[in-house]
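# Residue-level structural notes
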Amino acid sequence: MGVRPVPGIVLEISHLHKAYGQNTVIEDLSLTVREGEVIVIVGPSGCGKSTLLRCINALESNQGGEVRLHGEPVLKGSKNLPEIRQKIGMVFQNYELFPHMTVLDNIMLAPVKAQGRKKSEVREEALALLKRVGLETKANSFPRQLSGGQKQRTAIVRALCMHPDILLFDEVTAALDPEMVREVLEVILDLANQGKTMLVVTHEMQFARAIADWVVFLDDGRICEEGTPEEFFDHPKTERAKKFLNTFTFERKARQPKTI
Amino acid sequence: MDWEFISTNIPLYREAAVLTVKIGFAGILVAILLGLLCEIIVYCRIPVLRRAVAVYIELSRNTPLLIQLFFIYYGLPKIGIRTDAQACGVAGLAFLGGSYMAEAFRSGVEAVGAAQEESAYSLGLSRMQTIRYVILPQAFAISAPAFVANVIFLLKETSVFSAVSLMDLMFTAKDLIGLYYNTTESLALLVVFYLLILLPVSLLGSVLERRLRYAGFGT
Amino acid sequence: MPDLGLDVLFKGKNFARLLGGLGIALRISVIAILVSVVLGTVLGVLRQRENLILKAFMRLYLEVIRIMPQLVLLFLVYFGTTRSFGWDLSGETASVIVFSLWGTAEMSDLVRGALSSIPGHQYESAAALGLKKTQVYLYVVLPQAVRRLIPLSINLITRMIKTTSLVLMIGVVEILKVAQQIIEANRMNSPNAAFGVYLTVFVLYFLVCWPISVLAGKLEKRWG
């Protein structure tokens, strides 16, 4: 067994249960995320990874269990939900930038309106962050003028500028053209190196291996297996994990020599 | 063409056109407010009121303005609700237009989509902030063409005001035809004055639509 | 309970007369709708052709018809033709002409819109499968276009029915005129008849248009 570091707990999910009507999506799921930790969640489509992230943010209501951020419950419908959400940064698969605002306005909206910070200070920080992800020339562009990769980097900056305690990445490269995947993943890798606490859902196994401190394999709404990236990717213990990892490798049957 | 007849009667038409525009825009203004109110009630899922809005929209959309006006102007006074002709015109147009405006707003809000709402929530914006900074600006822009189309539609509908004895353009034309038999001139003036009212709005509508298409909202 | 003037309806043949008046309004609508659907479809398909003269003509026709209130068009045809051409059209004929002209314009636009809403790659992928041009239309384009078209044309039908109420203004004796006559005849013994009778007219129009709207809404949801 690898050793998992034990600094302060940021996020605590305990016995989470989520169902749409009769259809159970997440069942009795518990997971703890500690300061500075990068946890990658993998699993087949429909296993509940995205729903899990949405539950953490209370975008979905749950039918049991609870989510706590620094000890405070995250509850759909509670009065202080907006304040708690300010501490949870989320980046979506389809970017979800606001199309009627420039890149800079997209980033500044929540820090100014929701956190009540000073405009000049936020602008300075936003520009510095944009520069770090290579978008300093795009500050006054509208989202429609950006490529997919640029939009996603903007969305990451938008989340970062809120100074969140934890960042949630929901398959952020799934909608991107292959040549743009790298530019986005490098930004996330850079954030990991800075010691940000992150929960990453992804289909990019190479990337998962590179960035993860801890890998969680989700199947049918439960944690089926978890471990360090080396353990999980090189020596998966469960059959389901082995089968899942196999779907990423291809083999062709030995070719028959063509006979004339 | 009897040019003298035309020039003597232009002031009459001008007065009628002013009345048409005045009542038309008053009615449209109330219709916009009513439509916005209806959409807010539906969007916020306010229990009982939501039902009332649904009933109102069906009643308004499935009956002609002329009959709505007859009912308001001739029917309602019998149970003690009296309105003068102008107020009746405004009320009728607002009753008709409110549902059309509500639909325009609704399709705008729906086009913005739930994902934008979630994106705003996940940034920690409150419900009111989300509506104000994220949903409404986009919804207004998206529904602008439908909105202008409704304004044109409602302005055209004002032509039935003469039925409740408002001295609008139709009333004036019919009056002059009856009095002097100068049918061609009266009708020509009628058409010209309606064009003066409707063409600018219609042009504004096509400009808006083109600009919105280039703005490429959505992704 | 105040006197709502509903009793008038049950006197003699009053209610039947009202329904008769509604029948006249509906007859005008039905004729105009039939003409509009047929002519509008033909013109709408023709507008797909790359013929500049035809396109310009259709555009002009559509814009002219659309910018004018229908009541103005009624006046133009009813009063105008008498003066200019010496025709003596009945109110009903004038109404049928106007509503057909208007309905055809709107219908042709709906047909054109439905056809051009089918994205180009639908034609291409059908052609790439080796379908012939008629097959592409028959199996791929038309089924999709028709689904888009039907709810919208049903909506047009309710709009046309509502608009027929205007024929009162050029002297056609339809439901509102009958209502006026009934109210006038009973002015003495039932002073509140205006409320009950106009309410009934309102409800009758609603009962005609509402089911059609509901149908359009359902089809739109199913095929949308």
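Source: prediction; values computed, not measured.

Parameters at a glance
- Residues numbered from 1 in each chain as written.
- Chains lettered and ligands numbered in written order.
- Predicted model: local features only at pLDDT ≥ 70, side-chain atom pairs only at ≥ 80, totals over all residues.
- Heavy atoms only, no water.
- Helix = DSSP H or I, 4+ residues; strand = E, 2+ residues; numbered from the N terminus.
- Buried < 20%, exposed > 50% of the residue type's maximum accessible area, 1.4 Å probe, protein only.
- Contact = heavy atoms within 4.5 Å.
- pLDDT = per-residue confidence, 0-100.
- Salt bridge = Lys/Arg side-chain N within 4 Å of Asp/Glu carboxyl O.
- Nonpolar A, V, L, I, M, F, W, Y, C, P; charged D, E, K, R; others polar.
- Buried area = accessible area lost by both parts, 1.4 Å probe.
- Patch = residues over 30% accessible without salt bridge, like charges linked within 9 Å, V, L, I, M, F, W, Y side chains within 5 Å.
- Areas by Shrake-Rupley, 256 points an atom, 1.4 Å probe, with all protein chains shown as cover.
- Core = buried A, V, L, I, M, F, W, Y, C linked by side-chain atoms within 4.5 Å.
- Pairing = 2+ DSSP bridges.
- Phe/Tyr/Trp six-rings, centres within 6.5 Å; stacked < 30°, edge-to-face > 60°.
- Axes fitted to C-alpha atoms, helices over the stretch in contact; angles between N-to-C directions.
- Lys, Arg positive; Asp, Glu negative; His and termini not counted.

Our next topic: the overall build of chain B. Scanning chain B from terminus to terminus reveals eight helices and zero strands. Going from the N terminus to the C terminus, chain B shows its helices and strands as α-α-α-α-α-α-α-α. Taking the principal axes of its C-alpha atoms as reference, chain B extends roughly 70 × 50 × 25 Å. In chain B, which comprises 219 residues, the proportion classed as buried is 52%. A separation threshold of at least 6 residues defines the contact pool for chain B, and within that pool the share at least 24 residues apart is 80%.

With that settled, consider the confidence of the model for chain B. Model confidence for chain B is summarised by a mean pLDDT of 90, while 97% of its residues fall at 70 or above. For chain B, the element scoring lowest by mean pLDDT is helix 8 (residues 183-215) of chain B, at 86; helix 2 (residues 47-61) of chain B scores highest, at 95.

Between chain A and chain B, the contact holds 23 residues from the first and 22 residues from the second. Counting across the interface, chain A meets chain B through one salt bridge. For the side of chain A that touches chain B, the secondary structure elements donating two or more residues are helix 2 (81-86), strand 6 (88-91), helix 3 (103-113) and helix 5 (148-160) of chain A. Of the residues belonging to the side of chain A that touches chain B, the class tally is 13 nonpolar, three polar and seven charged.

This next bit is on the interface of chain C and chain B. Taken together, the 33 residues of chain C in the interface contact 37 residues of chain B. Taken together, the two surfaces of chain C and chain B that pack against each other cover about 3,300 Å², and 77% of this comes from carbon and sulfur. Counting every contact that joins chain C to chain B gives zero salt bridges. Ranked by residue count, the leading element in the side of chain C that touches chain B is helix 8 (residues 193-223) of chain C, at eleven residues. Per-class residue counts for the side of chain C that touches chain B are 24 nonpolar, six polar and three charged.

Taken together, the side chains of C:Y137, C:L138, C:Y139, C:L142, C:V146 and C:I150 define a hydrophobic patch exposed on the protein surface, amounting to about 530 Å² of accessible area. Among the secondary structure elements, C:L138 is positioned in helix 6 (residues 133-163).

This part takes up the nonpolar core. By size, the foremost hydrophobic cluster in this structure holds 115 residues, and its most contacted members are B:L169, B:L190, C:L18 and C:F99. In terms of residue count, the dominant contributor to this core is helix 8 of chain C (eleven residues). In contact with C:L18, other than residues within four places in its own chain, are C:L9, C:I175, C:V178, C:A179, C:I182, C:V197, C:T200 and C:V201. Counting residues in hydrophobic clusters, the runner-up holds 51 residues, among them A:V40, A:V112, A:C161 and A:I188.

This paragraph deals with the pairing of strand 2 (residues 23-34) of chain A. Relative to strand 2 of chain A, strand 1 (residues 9-20) of chain A runs antiparallel, the two sharing eight bridges. When the bridges of strand 2 of chain A are listed, A:E12 appears paired with A:T32.

Applying the stated criterion to the full structure yields 20 aromatic pairs over all chains. With a centroid separation of 5.1 Å and an interplanar angle of 70 degrees, the aromatic rings of B:F70 and C:Y198 are classed as edge-to-face. Taken together, the positions of B:F70 in helix 3 (residues 65-75) and C:Y198 in helix 8 put the pair across two chains. Taken together, a centroid distance of 5.0 Å and an interplanar angle of 70 degrees make the contact between C:Y78 and C:F79 edge-to-face. Here C:Y78 falls in the partly exposed class, since its relative accessible area comes to 22%. Grouped by ring-pair contacts, the aromatic residues A:F217, A:F232, A:F233, A:F244 and A:F248 constitute a single cluster.

Once that is clear, we can look at the side chain of A:T173. All names here are of chain A. Mapped onto the secondary structure, T173 falls in the loop between strand 7 (166-170) and helix 6 (178-193). We classify T173 as buried; its relative accessible area is 6%. Excluding residues within four positions of it along the chain, T173 makes contact with V181, V184, L185 and E204.

All names here are of chain B. With respect to the helices and strands, L96 occurs in helix 4 (residues 85-112). It is 9.7 Å that separates the C-alpha atoms of L96 and Y56, two residues lying 40 residues apart in sequence. Among residues more than four places away in sequence, those in contact with L96 are S60, T63, L65, Q68, F153, L154 and E157.

Residue and element names in this part refer to chain A. Overall, antiparallel pairing links the four strands, which are arranged 2-1-4-5 in an open sheet. Each of the sheet's edge strands pairs with one partner strand only, and the pair in question is strand 2 and strand 5 (72-73). Examined bridge by bridge, strand 1 and strand 4 (residues 64-69) share five bridges and lie antiparallel to one another. Each residue of the ladder has a partner; that of L11, found in strand 4, is L69.

Most contacts, among the two pairs of chains that meet, fall between chains B and C. At no point do chain A and chain C touch; the closest pair of C-alpha atoms across them sits 21 Å apart.

Turning our attention to the sheet that holds strand 8 (residues 198-201) of chain A. Residue and element names in this part refer to chain A. The strand order 6-7-8-3-9-10 describes an open sheet built from six strands, whose pairing is mixed. In the strand order of this sheet, the two ends are held by strand 6 and strand 10 (222-227), each with one partner. Sheet twist, expressed as the average angle between the axes of neighbouring strands with direction ignored, equals 20 degrees. As paired elements, strand 9 (residues 214-219) and strand 10 share five bridges and run antiparallel to each other. Residue pairing across strands places V215 opposite G227, the latter belonging to strand 10. Here helix 5 sits on the sheet and contacts strand 6 and strand 7; the angle it forms with strand 6, its principal contact strand, is near 170 degrees.

All names here are of chain A. Burial of strand 6 is two-sided: the residues I88 and M90 facing one way and the residues G89 and V91 facing the other way are all buried. Both strand 6 and strand 7 contribute to a ladder of four bridges, which runs parallel. Bridged to M90 within strand 7 is L168.

A few words now on unusual backbone geometry. Residues and elements named next belong to chain A. Of note in the backbone geometry, D220 takes a positive phi value of approximately 55 degrees without being a glycine. With respect to the element layout, D220 can be found in the loop between strand 9 and strand 10. Of the residues examined, D220 reaches a relative accessible area of 56% and is grouped as exposed.

Below, the discussion takes up the side chain of A:D170. All names here are of chain A. Residue placement: D170 occurs in strand 7. Buried and without a salt bridge, D170 has R54 as its closest oppositely charged side chain, separated by 6.1 Å. In contact with D170, not counting residues within four places along its chain, are S50, L53, M90, V91, F92, Q93 and V201.

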